[in-house]
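Residue strings, one per chain:
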Amino acid sequence: MVTRRKNIGFYVVALGIISSIGIYLYDIEIFHLHREPFFVSRGILACFFLGLGALYWKYETWFDRVINKHTILLLLALYLYIAYFCPVAPRFMVSMGDMDVLGYFFGFLGSVILIWFCKQLPQIKTLTFVGRNSICFYFMSGALPITLSAIIKRFYPEVSPWGVFLVFSLTLIGAYIASLVIVKYLPWMLDIRKLKK
């Protein structure tokens, strides 16, 4: 039932509520006294960013129309004000389990600014694919380097720049191939609404 909802607002509100629970749990010191399995608290806190990303995706044409070379300066000024001059500092450290409402706004604003600058760059097919499927690359960025490092350490026991470069290159190639497979054969992993009813 939930996955069949068409209204993006529903997901934004639902994910906002989930993240609010995460903020509350952090404030009462349930999570950050020890490392919980799979960093559950960080995942809960980051949920609202998924909702904000969906909101941006739905209204991307509106953002593209409103943000230009002049308005981007206003957004940059607002971002710098919050970062350096705002009397209340935003809490935006998802990795530390520390977030607040201003932190979410600060993170979203920074993302919108970064997306605008990225859109000004020339289109490169490979980079466009990586950008559109960055969630795949994100999930591969943990397991692949760890596994490859363990394997390569048997051949190159001493740490060297060449070993690091080799692990990086193989990770990038492996993540690219895995992303191609997921996009073509398992698209529901990226969008659960693509599951057959």
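Just above sits the structure.
Everything in this summary refers to the structure shown in the same document. (Residues numbered from 1 in each chain as written. Predicted model: local features only at pLDDT ≥ 70, side-chain atom pairs only at ≥ 80, totals over all residues. Heavy atoms only, no water.)

## With respect to the overall build of the chain
Here comes step 1: Check the secondary structure of the chain and you find eight helices and two strands.
Here comes step 2: Counting from the amino terminus, the chain carries its helices and strands in the arrangement α-α-α-α-β-β-α-α-α-α.
Here comes step 3: Taken across its 197 residues, the chain has 27% of its residues classed as buried.
Here comes step 4: Excluding contacts between residues fewer than 6 apart, the proportion of contacts in the chain whose partners are at least 24 apart in sequence is 65%.
Here comes step 5: As displayed, the chain offers around 14,500 Å² of accessible surface, 72% of which is attributable to carbon and sulfur atoms. (Helix = DSSP H or I, 4+ residues; strand = E, 2+ residues; numbered from the N terminus. Buried < 20%, exposed > 50% of the residue type's maximum accessible area, 1.4 Å probe, protein only. Contact = heavy atoms within 4.5 Å. Areas by Shrake-Rupley, 256 points an atom, 1.4 Å probe, with all protein chains shown as cover.)

## Brief notes about the packing of helix H7 (residues 134-155) against helix H8 (residues 161-185)
Here comes step 1: Viewed as axis vectors pointing N to C, H7 and H8 meet at an angle of 135°, and their least axial separation amounts to 9 Å. Classified by the angle between their axes, H7 and H8 sit oblique to one another. Viewed along their axes, H7 and H8 form a crossing whose handedness is right-handed. Contact with H7, carried on its side by Cys136, Phe137, Met140, Leu144, Pro145, Leu148, Ser149 and Ile152, involves Leu166, Val167, Leu170, Thr171, Leu172, Gly174, Ala175, Tyr176, Ala178, Ser179 and Ile182 of H8 and no other residues of that element. (Axes fitted to C-alpha atoms, helices over the stretch in contact; angles between N-to-C directions. Parallel < 35°, antiparallel > 145°, perpendicular 65-115°, else oblique. Left-handed = near helix turned anticlockwise from the far one by under 90°.)

## Concerning the nonpolar core
Here comes step 1: Of all hydrophobic cores here, the largest spans 20 residues; its most connected members are Phe63, Ile67, Tyr104, Phe108 and Val112.
Here comes step 2: Listing elements by their share of this core, those giving two or more residues are helix H1 (8-27), helix H2 (40-58), helix H4 (71-85) and helix H5 (101-119).
Here comes step 3: The element best represented in this core is H5, accounting for seven residues.
Here comes step 4: Every residue in contact with Phe63, bar those within four places of it in the chain, is listed here: Tyr56, Phe108 and Val112. (Core = buried A, V, L, I, M, F, W, Y, C linked by side-chain atoms within 4.5 Å.)

## Here we look at the side chain of Ser169
Here comes step 1: With respect to the helices, strands and loops of the structure, Ser169 is situated in helix H8.
Here comes step 2: A relative accessible area of 18% means that Ser169 is categorised as buried.
Here comes step 3: Within polar-contact distance, the side chain of Ser169 engages the backbone oxygen of Phe165 at 2.8 Å. (Polar contact = N/O pair within 3.5 Å; in protein donor to acceptor, adjacent residues only side chain to side chain.)

## Section: the side chain of Thr171
Here comes step 1: When you line up the elements, Thr171 lands in helix H8.
Here comes step 2: Judged by its relative accessible area of 13%, Thr171 falls in the buried class.
Here comes step 3: For Thr171, the side chain forms a polar contact with the main-chain oxygen of Val167, separated by 2.7 Å.
Here comes step 4: In this structure Thr171 touches Leu144, Pro145 and Leu148, once residues within four positions along its chain are discounted.

## Side note on H7
Here comes step 1: With 22 residues, H7 extends 31 Å from end C-alpha to end C-alpha; this agrees with the ideal 32 Å at 1.5 Å per step.
Here comes step 2: The principal kink in H7, of about 40°, is found at Ser141, preceding the proline Pro145 by one to four residues.
Here comes step 3: Looking at H7, one finds that the buried residues are Cys136, Phe137, Leu148 and Ile152.
Here comes step 4: On the buried face of H7, the contacting elements are helix H6 (125-132) and H8. (Expected span 1.5 Å × (residues − 1). Bend = angle between axes of the 7 residues up to and from the residue.)

## Topic: the pattern of salt bridges
Here comes step 1: One pass over the full model with this rule turns up two salt bridges.
Here comes step 2: Across the pair Lys119 and Glu60 runs a salt bridge, and its minimum N-O distance is 2.6 Å. Here Glu60 lies in helix H3 (residues 60-66) and Lys119 lies in helix H5, a separation of 59 residues in the sequence.
Here comes step 3: Taking relative accessible area as the criterion, Lys119 reaches 32% and is therefore assigned partly exposed.
Here comes step 4: Measuring nitrogen to oxygen at the nearest pair gives 2.8 Å for the salt bridge that ties Lys119 to Asp64. Placement of the pair is Lys119 in helix H5 and Asp64 in helix H3, with a sequence separation of 55 residues. (Salt bridge = Lys/Arg side-chain N within 4 Å of Asp/Glu carboxyl O.)

## Focus on empty space enclosed by the protein
Here comes step 1: One pass over the structure, following the stated rule, counts one cavity of 30 Å³ or more.
Here comes step 2: Counted as a void, the largest cavity has a volume near 30 Å³.
Here comes step 3: In terms of lining, the largest cavity is formed by Tyr56, Phe63, Asp64, Ile67, Val112, Ile115, Trp116 and Lys119.
Here comes step 4: Mapped by element, the contributors of at least two residues to the lining of the largest cavity are H3 and H5.
Here comes step 5: A class-by-class count of the residues in the lining of the largest cavity yields six nonpolar, no polar and two charged. (1 Å grid on protein atoms, 1.4 Å probe; cavity = no way out; pocket = protein on both sides within 12 Å on 5 of 7 lines; lining within 4 Å. Points joined across faces, edges and corners; volume = space filled by probe spheres on them. Nonpolar A, V, L, I, M, F, W, Y, C, P; charged D, E, K, R; others polar.)

In short, shape yes, function no, at least from these values alone.
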